[in-house]
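Residue-level listing of the chains:
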Amino acid sequence: MAQPTPRIIKETQNLAKDKVQGIEVTPDPANFKHFFVIIAGPPNTPYEGGVFDVELLLPDDYPMSPPKCVFNTKIYHPNIDNLGRICLDVLKDKWSPALQIRSILLSIQVLLSSPNPDDPLNNEAANLWKANEGQALMKARDYTLKYAKKH
């Protein structure tokens with residue numbers, strides 16, 4: 001089996017020793033490119049109090065290509081579809097090899113605080129966000145209470 005690159009080793013060590021508030025990262029002991037992530041719903045959002053399971057997978061050519069991230073916890077958000085895929089510029093065209101796993105996780109946390117209905121992956125959520133933000137926030141809160149339970 002292939003060995004982790006020095007960069008992956010260093011990033012994994014940094015994630016373990018310099019934790020990000022509201023984010024818990026556990027490397028898969030069987031696969032050094034696979035990470036289990038738990039993101040706490042940010043305060044003052046409809047996701048507050050929720051616990052969201054996310055998986056992060058590094059591609060073979062990391063850091064030349066961005067990680068793949070997917071929400072395993074069902075969430076109502078204009079930039080996250082019903083399969084858990086995330087629409088986030090740094091996971092696509094704004095990726096740079098200078099970015100790290102940590103910066104991706106922080107970007108996802110910010111996305112929970114600041115949905116962008118103008119660049120949706122979930123069109124139904126985006127349309128509701130634009131038409132009636134209050135109703136969209138209530139629906140996001142309902143999903144959080146129903147699906148994003150503490151472990």
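About the cut-offs
- Residues numbered from 1 in each chain as written.
- Predicted model: local features only at pLDDT ≥ 70, side-chain atom pairs only at ≥ 80, totals over all residues.
- Heavy atoms only, no water.
- UniProt positions renumbered as here; feature names shortened; annotations may be inferred.
- Helix = DSSP H or I, 4+ residues; strand = E, 2+ residues; numbered from the N terminus.
- Expected span 1.5 Å × (residues − 1).
- Contact = heavy atoms within 4.5 Å.
- Core = buried A, V, L, I, M, F, W, Y, C linked by side-chain atoms within 4.5 Å.
- Buried < 20%, exposed > 50% of the residue type's maximum accessible area, 1.4 Å probe, protein only.

Going by an unreviewed UniProt entry, the chain carries the name UBC core domain-containing protein and comes from Paramecium primaurelia. Under the heading Sequence similarities (unreviewed entry), UniProt records this for the chain: "Belongs to the ubiquitin-conjugating enzyme family."

Engineer: Which residues make up helix α4 (residues 133-147), and what values do they have?
Structural biologist: Between the first and last C-alpha of α4 there are 21 Å, a value that for 15 residues agrees with the 21 Å anticipated at 1.5 Å per step. The inward-facing, buried residues of α4 abut β3 (51-57) and α3 (123-131).

Engineer: Give me the lowdown on the UniProt feature "domain: UBC core" (unreviewed entry) in the chain, citing residues and values where you can.
Structural biologist: Mapped onto this structure's residue numbering, the UniProt feature "domain: UBC core" (unreviewed entry) falls at residues 3-149. Split by type, residues 3-149 is 33% helix and 18% strand. Its first and last C-alpha atoms lie 35 Å apart.

Engineer: I'd like to hear about the nonpolar core, residue by residue, with values.
Structural biologist: Counting 36 residues, the largest nonpolar core has Val37, Leu56, Phe71, Ile86, Ile101, Ile104 and Ile108 as its most contacted members. In terms of residue count, the dominant contributor to this core is helix α2 (residues 101-113) (six residues). Once you skip the residues sitting within four places of it in the chain, valine 37 turns out to touch Ile23, Glu24, Val25, Phe52, Asp53, Val54, Leu56 and Leu105.

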